Amino acid sequence: MNLSKTSSFSTRAWIELDRKALAGNVRFLRSRLPQGCSLMPAVKADAYGHGAILIARELNRLGVEAFCVACIQEAVLLRENGIVGEILILGYTHPVQFPLIQKYNLIQTAVDYEYAKQLNLYARRQNKKLRVHIGVDTGMHRLGERSENIEKLSAICSLSNLSIDGIFSHLCAADGSTEREKQFTEKQISAFSHVLQKLKTHPFFKNAPPKTHLLSSYGILRYPEFAGDYARVGIALYGVLSTEKDTTLYQTSVSQHVNAHDFILTPVLSLKARVAIVKELYKGESAGYGLAFTAERDMRLAAITIGYADGLPRIAAAHGGSVLLHGRRAPIIGRICMDQTLVDISGIPGVQAGDTAVLIGRSGSESISAGHLAEQSATITNELLSRLGSRLERVWKE
Ligand SMILES: *Cc1c(COP(=O)(O)O)cnc(C)c1O
């Protein structure tokens, strides 16, 4: 069996990462942001399934000096693997884990005033200062102190054992295109700037103005003028938007304004797996669990070594899911199993055990985008990618 060098240890199912695509996306996103605004990539959920350590290391090399993650385990993992720069924990950290914030030089989000007091109390007992960014709720009503509670926000700034290094909010409808969503986003933006305006006079703000940030992927693309000091880019950094439609629309609209080779969001990830076996399936026979597929004529099938435990959604089988083999489309048949998937290769001559099947990415002139597979799986790319399993190997494409 001829295993190419790239995939010499990618024996079953794996993710191939494109370094050039990542660098291109970083360059493009930086070019969209005003001077003085730095990227703070979201590398939570194992960098949206791409592999947080590989991605963050490469981003460090590309000069990225700030990251955000969902939880403290993710932050500690990055530090233990040598990632340098700021690491902001966007979510809740349980008080028993507060010691790790200082130990690993992390930044914790103050999710509201009460929580900020807990952080401060801990820090005071240790005779330390903890670094925080204040979360401001401007309408999403998830984390953050409510934007109209100026007194509480101001009181957070006065907590003497907290170092208020930043303040941020999160837009929850910036990806929307309805009038209602646009108006809501503008309301969030003005609520956030109102908070900044009010806190400006606080002595703490005067002495050491905290970094401000508001935008994630869609915000960067649509409202770059409100960037502040950081842009918390997630999905776009990986070269896709949440839906296939958005990606296509955006590529088309931007390519009209920007130099063709300046612009491009290129997908960083391909998903591949091996053919384990090739066999005949005769007319009238069924294949897979639940007799869900029955052959209407004699055909050939291949078993591919990837399944739902690797993050390939079961539902994709029923919505036209396919894989690429030898540059051709092989429809998924029957039910996707935990570790394997059956595909129809009747129309594709020469398929053998050991061949590479592409689930996301290119093969010859055919391609399957993450957006397309997400659509077939009744979800968005963010969910599809972030659920790609830990069993998959992650390797850089040569
Ligand atoms: C996940 C997350 C981001 C990144 O969002 P994308 O839409 O993927 O760019 C930014 N900010 C917060 C608070 C998040 O939770």
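Here the structure is a predicted model, which means the values were calculated and not measured.

Looking at the overall build of the protein chain
So, point 1. Counting secondary structure elements, the protein chain contains 13 helices and 20 strands.
So, point 2. Scaling as 2.2 N^0.38, a compact globule of 398 residues should have a C-alpha radius of gyration of about 21 Å, and the protein chain matches this with 24 Å.
So, point 3. Taking the principal axes of the C-alpha coordinates as reference, the protein chain spans close to 80 × 45 × 40 Å.
So, point 4. Relative to its 398 residues, the protein chain shows a buried fraction of 53%.
So, point 5. In the protein chain, the share of contacts with a sequence separation of at least 24, taken over all contacts with a separation of at least 6, comes to 68%.
So, point 6. A total of about 18400 Å² of accessible surface is found on the protein chain, and carbon and sulfur atoms cover 50% of it.
So, point 7. If the 46 positive side-chain charges of the protein chain are averaged to one point and the 37 negative ones to another, these points end up 4 Å apart.

Regarding the packing of helix H1 (residues 19-32) against helix H3 (residues 52-61)
So, point 1. Where H1 meets H3, the closest approach of the two axes is 11 Å, and the angle between their N-to-C directions is 55 degrees. In terms of orientation, H1 and H3 fall into the oblique class. At the point where H1 passes H3, the crossing takes the right-handed sense. Judged by residue contacts, Arg19, Leu22 and Val26 of H1 engage Ile55, Glu58, Leu59 and Arg61 from H3.

Quick notes on helix H4 (residues 72-80)
Residue pairs three or four apart in sequence face the same way in an α-helix, which turns once every 3.6 residues.
So, point 1. Listed in full, the buried residues belonging to H4 are Ile72, Glu74, Ala75, Val76, Leu78 and Arg79.
So, point 2. For H4, the elements touching its buried residues are helix H2 (44-48), H3, strand S3 (66-69), strand S4 (86-89) and helix H5 (98-103).
So, point 3. Positive phi shows up at Gly82, right after H4, with a value of about 80 degrees.

With respect to unusual backbone geometry
So, point 1. With a phi angle near 50 degrees, Leu291 is a residue other than glycine that sits in the positive phi range.
So, point 2. On the secondary structure map, Leu291 appears in the loop between strand S12 (286-287) and strand S13 (293-294).
So, point 3. Taking relative accessible area as the criterion, Leu291 reaches 61% and is therefore assigned exposed.

A few points about the environment of Pro349
So, point 1. Relative to the helices and strands, Pro349 resides in the loop between strand S17 (341-344) and strand S18 (356-363).
So, point 2. Taking the relative accessible area as the measure of exposure, Pro349 reaches 61% and is therefore exposed.
So, point 3. Residues Pro349 and Arg328 lie 21 residues apart in sequence; the distance between their C-alpha atoms is 9.9 Å.
So, point 4. What Pro349 contacts, discounting residues up to four positions off in sequence, is His326 and Arg328.

Overview of the packing of aromatic side chains
So, point 1. Within the structure shown, the criterion is met by four aromatic pairs.
So, point 2. Here the aromatic rings of Phe98 and Tyr115 are separated by 5.9 Å at their centres, their planes lie at 75 degrees, and the arrangement is edge-to-face. With Phe98 in helix H5 and Tyr115 in helix H6 (residues 113-125), this residue pair connects regions lying 17 residues apart in the sequence.
So, point 3. Phe98 sits in the buried class, given a relative accessible area of 2%.
So, point 4. The exposure class assigned to Tyr115 is buried, which follows from its relative accessible area of 4%.

Some thoughts on the site of the ligand
So, point 1. The environment of the ligand is formed by Ala42, Lys44, Tyr48, Leu90, Arg142, His170, Ser216, Ser217, Arg232, Val233, Gly234 and Ile235.
So, point 2. Here an oxygen atom of the ligand sits 2.7 Å away from a polar atom, N or O, in the side chain of Lys44.
So, point 3. Ser217 places a side-chain nitrogen or oxygen 2.5 Å from an oxygen atom of the ligand.
So, point 4. Its atoms largely coinciding with the cavity grid, the ligand occupies the largest pocket.

Quick word on the layout of surface pockets
So, point 1. Space inside the largest pocket adds up to approximately 860 Å³.
So, point 2. In terms of lining, the largest pocket is formed by 39 residues, of which the most central are Lys44, Arg142, His170, Leu171 and Ser216.
So, point 3. Its residues placed into classes, the lining of the largest pocket shows 18 nonpolar, 16 polar and five charged.
So, point 4. Two domains share the lining of the largest pocket, each providing at least three of its residues, namely domain 1 (19-243) and domain 2 (269-396).

Side note on the domain arrangement of the protein chain
So, point 1. Taken as a whole, the protein chain is organised into domain 1 (19-243) and domain 2 (269-396).
So, point 2. One C-alpha centre belongs to domain 1, the other to domain 2, and the line joining them spans 37 Å.
So, point 3. The contact between domain 1 and domain 2 buries some 1200 Å² in all, and 65% of this surface belongs to carbon and sulfur atoms.
So, point 4. Scanning the region where domain 1 abuts domain 2 turns up one salt bridge.
So, point 5. Note that Arg394 is salt-bridged to Asp46, the shortest N-O span being 3.8 Å.
So, point 6. For the pair domain 1 and domain 2, the number of links is four residue pairs in polar contact (both at pLDDT 80 or more).
So, point 7. Among the secondary structure elements, those contributing two or more residues to the side of domain 1 that touches domain 2 are H1, H2 and H3.
So, point 8. Grouping the amino acids of the side of domain 1 that touches domain 2 by side-chain chemistry returns eight nonpolar, five polar and three charged.

Conventions and cut-offs
Residues numbered from 1 in each chain as written. Predicted model: local features only at pLDDT ≥ 70, side-chain atom pairs only at ≥ 80, totals over all residues. Heavy atoms only, no water. Helix = DSSP H or I, 4+ residues; strand = E, 2+ residues; numbered from the N terminus. Rg over C-alpha atoms; globule rule 2.2 N^0.38 Å. Buried < 20%, exposed > 50% of the residue type's maximum accessible area, 1.4 Å probe, protein only. Contact = heavy atoms within 4.5 Å. Areas by Shrake-Rupley, 256 points an atom, 1.4 Å probe, with all protein chains shown as cover. Lys, Arg positive; Asp, Glu negative; His and termini not counted. Charge placed at Lys NZ, Arg CZ, Asp CG, Glu CD. Axes fitted to C-alpha atoms, helices over the stretch in contact; angles between N-to-C directions. Parallel < 35°, antiparallel > 145°, perpendicular 65-115°, else oblique. Left-handed = near helix turned anticlockwise from the far one by under 90°. Phe/Tyr/Trp six-rings, centres within 6.5 Å; stacked < 30°, edge-to-face > 60°. Near = heavy atom within 4 Å. Polar contact = N/O pair within 3.5 Å; in protein donor to acceptor, adjacent residues only side chain to side chain. 1 Å grid on protein atoms, 1.4 Å probe; cavity = no way out; pocket = protein on both sides within 12 Å on 5 of 7 lines; lining within 4 Å. Sits in = over half its atoms within 2 Å of the grid points. Points joined across faces, edges and corners; volume = space filled by probe spheres on them. Nonpolar A, V, L, I, M, F, W, Y, C, P; charged D, E, K, R; others polar. Domains from an automatic or database assignment. Buried area = accessible area lost by both parts, 1.4 Å probe. Salt bridge = Lys/Arg side-chain N within 4 Å of Asp/Glu carboxyl O.

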